[in-house]
2 protein chains.
Amino acid sequence: MVTIYDIARVAGVSAMTVSRVINDTGRISEATRKRVRQVMEELQYVPNSNARSLVLQKTNILSLLIADIANPFYTTLARGAEDAAKRLGYRLLFGNSDEDYGKEKDYVDMILSTRVDGVLFAPAGDGSAPHLRLLEQHRIPYVLLDRDVPGIQADRILGESRDGARRLVEHLIGLGHERIALVNGSEDVSTARERHAGYRDALKLNDLPYDETLVRHLDYSDGFNPSDLDPLLALSSPPTAIFAANNFLALGVIQSLRERGLAVPDDLSVVCFDDLGFASILSPFLTVAAQPAYQFGALGLERLVDRIENGDGSGPRTLILPAELIVRSSSRKRER
Amino acid sequence: MVTIYDIARVAGVSAMTVSRVINDTGRISEATRKRVRQVMEELQYVPNSNARSLVLQKTNILSLLIADIANPFYTTLARGAEDAAKRLGYRLLFGNSDEDYGKEKDYVDMILSTRVDGVLFAPAGDGSAPHLRLLEQHRIPYVLLDRDVPGIQADRILGESRDGARRLVEHLIGLGHERIALVNGSEDVSTARERHAGYRDALKLNDLPYDETLVRHLDYSDGFNPSDLDPLLALSSPPTAIFAANNFLALGVIQSLRERGLAVPDDLSVVCFDDLGFASILSPFLTVAAQPAYQFGALGLERLVDRIENGDGSGPRTLILPAELIVRSSSRKRER
DNA sequence: TCGATTTGAGTTATCGGTAACTCAAATGTA
DNA sequence: TACATTTGAGTTACCGATAACTCAAATCGA
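About the criteria used
- Residues numbered from 1 in each chain as written.
- Chains lettered and ligands numbered in written order.
- Predicted model: local features only at pLDDT ≥ 70, side-chain atom pairs only at ≥ 80, totals over all residues.
- Heavy atoms only, no water.
- UniProt positions renumbered as here; feature names shortened; annotations may be inferred.
- Helix = DSSP H or I, 4+ residues; strand = E, 2+ residues; numbered from the N terminus.
- Salt bridge = Lys/Arg side-chain N within 4 Å of Asp/Glu carboxyl O.
- Buried < 20%, exposed > 50% of the residue type's maximum accessible area, 1.4 Å probe, protein only.
- Pairing = 2+ DSSP bridges.
- Axes fitted to C-alpha atoms, helices over the stretch in contact; angles between N-to-C directions.
- Phe/Tyr/Trp six-rings, centres within 6.5 Å; stacked < 30°, edge-to-face > 60°.
- Lys NZ or Arg CZ within 6 Å of the ring centre and 35° of its normal.

Q: Would you mind going over the UniProt feature "domain: HTH lacI-type" (unreviewed entry) in chain A with me for this structure?
A: Summarizing the sequence annotation, UniProt attributes the feature "domain: HTH lacI-type" (unreviewed entry) to residues 2-56 of chain A in the numbering used throughout. Helix makes up 69% of residues 2-56 of chain A and strand 0%, whereas the separation of the span's terminal C-alpha atoms amounts to 20 Å.

And the structure:
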C-alpha cells in the first residue's frame, strides 16, 4: 500500500508536507503543492482512514441499525439516512438486527469496537435498553428511530402511531364497521402499544365497546401462521374489518383470508400501518397510514450529526413525524 | 476511551500481556489471565479495531455494494451476505449505488480508504468497469454479483438470465401467445442483454418472428412513465402478453396497463424476472422467474472470504445459480 | 541596513494495538 | 548440584496518519 511516506520520498518532501497538502492545512508553496499532488496521482495514493481515525479519534463513520432489512419502511429509511450521510460527509455502516436482540447486541459490540462517531438506532424493542445503555457508557451519541424504549432518554424520531391508528380505525368506523379486529405485533415494542392505544381511542370516541377477543398479538418474527386468525374468524360475531398494525402483518392477514376463500375488501376490509413501498400498486390496494420513512432516516441522521458536531448542550429532543392516511380499495362500506 | 494500557496499569501487568489475554496467544498463567479479564470487565474495555487493523493490515470488514436497496432482490441478497459474514467473522459495510455510476464511484473511494478486506460488488452496469479496475490496482479482492461486466476477469455469481428468460417466454408461448412484448431495462447491463437473448431464443425455438416493434428499452432509473407503453399498445397488432425483464419493470407495466383500463391477466398476460419478495402474495400474483437472491449473497460472500483467506491460486470462478419458474395467475391462455 | 515577522517547510511524539525479540525465574534432567 | 529447558512475562519498534513544536530563509518595515 502506498503511504504518505512513499509520496514524501518521491516528491522529495517530508511526510508532514504531504499530510498538509492532503488536508489543505498549513502553508505550502504552490510549487510544492503541485508536485505532491502529482506524485499522489501517479502512485494512486489513497489515505488510510484507519490511521487517520486512530490519531484524530474520529472515524467519520455512522452506524445505522435497522430492525428488518426486508421491510420497505426500513429500506426507505435507510436510503434517507444514506443520502443525508453522504451530504454531510459521513460513511454509513449498516446493520440489520432482524428483530433479534442477540443480533442487535452483536452489532452494538461491533459498533463499539469500530469507534463509530454515532448511531442511528431503530431498536428491536424494549429489550434494547441494555444495548442503548452500553452506547451511553461509551459516550457514543445515538438517535432512536421509529420505536421508543422505556427508561431511555435520548433524541428520538418517532411516528404518529397512536393518532395514525386512531385515524385508520375511525376510517373503518366511518365506513360502518363496528366489529373491528386488531392484529398487532408483540407489545414489547412501543409502536405496537401506541397503535393498540390508538385503536382503543377510536372505539371510545365512537362509543363502540372494546372487545378483547377481537385483539390478537402475533409474534411474526418466525413467519405468519395462517391459523393465527382462527380465533377471530371463529367468533360468533366475527369482525367485518381488520386493522393490521404494520405492513407485514397486513400481508399475513390477506394471505390467511385468501386461504379461507375470503376476499378483501368484499368479505372483510383490511387497513394497516406503513405503506408497502414499490408494491403498493398491487391489489388489494391497501388503505394505509403511511409514514414518511425517508424522513425518518434523513432527519434522524441530521440530528445525530448535529449532536456529534455541536455537542449535547440541549437535552434530548423528540421529533414526531406525521402519518398520512392513504385510502385505497382494501377498505369499503360494511354490507348490511 | 479505555485502552490496553489502562487495563495493564490497573492489573499490574504490561500492555503486551493484556493483548495476549485478548487474543489468547502466548503463554499466560491462569492467575494473570483471570486478573486481566476481570479488569477488562470492570473497565468495560472494548478493543479499538482501528488500531488493530492498522498493525495487522487486515480490517475484518467486507463491503457489499448493491445497486438498489429498494429492490427485494438486493435486500434478500444483502441478508444472505450478512448472515454469511457474521458466520465467518466479518463485519459488513453496505453501500447502495442506486444504479448510479457516480454514487458507485464514491463508494469505491470509500472502500479503498477503509481498507476493507474484500468487496461483494453488484455493479450498476458495464460502466462499472473502471471502478473494478481500481479495486484490482489496489489488490482488493472482489466478487461480482448478479451482473457481469465485459472485459473484467473475476469471480462471479450470476443468474441464469438467458435460460430463465427463455423459459418465461416459452411459458407464454405455451399458453398460446404469439405477440409477446419485451419491456427491458438499459442494455448497458448484462442481465438485460441476456434476457433479451433468451427472449429471442424462445421465439426462434418456436418459429415465431422477432419483431423489433415489440421490444422496448426503458431507463427506469428516474421512474416509470405510463406513456412508455404507448408504442406497444398502439401497434396495429398489439401484444397479448408482456415479458418484463425485472420486477420493477413489471410493476410499472401493471400500473400503466391499469391506468388504461387493461386488466392482468384478463386483457394481457404479464410475466417477469425476479420475485417480489414479501409482496408476491398480492394480486396480480405474478408469474416470475425467481432467482435465489439469498444464495447470491451467501455464496458470494463465502467465495470472497475464500479468496481472501486462501489466496488466488485458482483463476476466476463463475457460479451460475438457477432461476425457478413460478407460475402464478398473471399469465393465462390467450383468448382466441 | 538590521532586527522583526512571515513563509514554508521539517522533527518528534502520539493514537492503540501487535510482532519479534529478550530475559529472569521456575522447572526438569543427568 | 549444575546446566538445559520451559514458563511467563516485559521491551522495543512499528502500522500510517496528524498535532504541536521548531527553525532557516525570505520578506518587511523603519
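Having seen it, we continue.
Q: Can you help me understand the pattern of salt bridges in this one?
A: Pairing between side chains of opposite charge can happen when their charged atoms approach one another. Residue and element names in this part refer to chain A. Summed over the entire model, instances satisfying the criterion amount to 54 salt bridges over all chains. In this structure, the salt-bridge partner of Asp98 is Lys103, at a minimum N-O distance of 2.9 Å. Since its relative accessible area comes to 19%, Lys103 is described here as buried.

Q: What am I meant to see in the sheet that holds strand β5 (residues 155-159) of chain A here?
A: To summarise the sheet geometry, strands pair through backbone hydrogen bonds and adopt either a parallel or an antiparallel arrangement. Residue and element names in this part refer to chain A. Taken together, the six strands give an open sheet; going across it, the order is β2-β1-β3-β4-β5-β11, and neighbouring strands pair in parallel fashion. Edge positions in the sheet fall to β2 (91-96) and β11 (318-321), since each has one partner strand and no second. Each strand axis lies, on average, 15° off the axis of its neighbour in the sheet, ignoring direction. Where strand β4 (residues 142-146) lies against β5, four bridges are found, and the strand directions are parallel. Pairing of Asp146 across the sheet is with Leu158, part of β5.

Q: Sorry, what's going on with the packing of aromatic side chains here?
A: Two numbers describe a pair of aromatic rings. These are the distance of the centres and the angle of the planes. One pass over the full model with this rule turns up nine aromatic pairs over all chains. Look at Phe248 of chain A and Phe278 of chain B: their rings are 4.8 Å apart centre to centre, the planes differ by 35°, and that puts the pair in the tilted class. Of this pair, Phe248 of chain A sits in helix α11 (residues 247-259) while Phe278 of chain B sits in the loop between β9 (269-273) and β10 (287-290), which puts the two residues in different chains. On the basis of an interplanar angle of 75° and a centroid distance of 6.1 Å, the ring pair of Tyr199 of chain B and Tyr210 of chain B is categorised as edge-to-face. Of the two residues, Tyr199 of chain B is situated in helix α9 (residues 190-205) and Tyr210 of chain B in the loop between α9 and β7 (215-217); the sequence distance between them amounts to eleven residues. The structure contains a cluster of three or more aromatic residues connected by ring pairs, namely Phe73, Tyr74 and Phe296 of chain A. Positioned above the aromatic ring of Phe273 of chain A is the side chain of Arg195 of chain A, whose terminal nitrogen or guanidinium carbon lies 3.9 Å from the ring centre. One Lys or Arg, Arg200 of chain B, reaches over the ring of Tyr210 of chain B and ends 3.8 Å from the middle of that ring.

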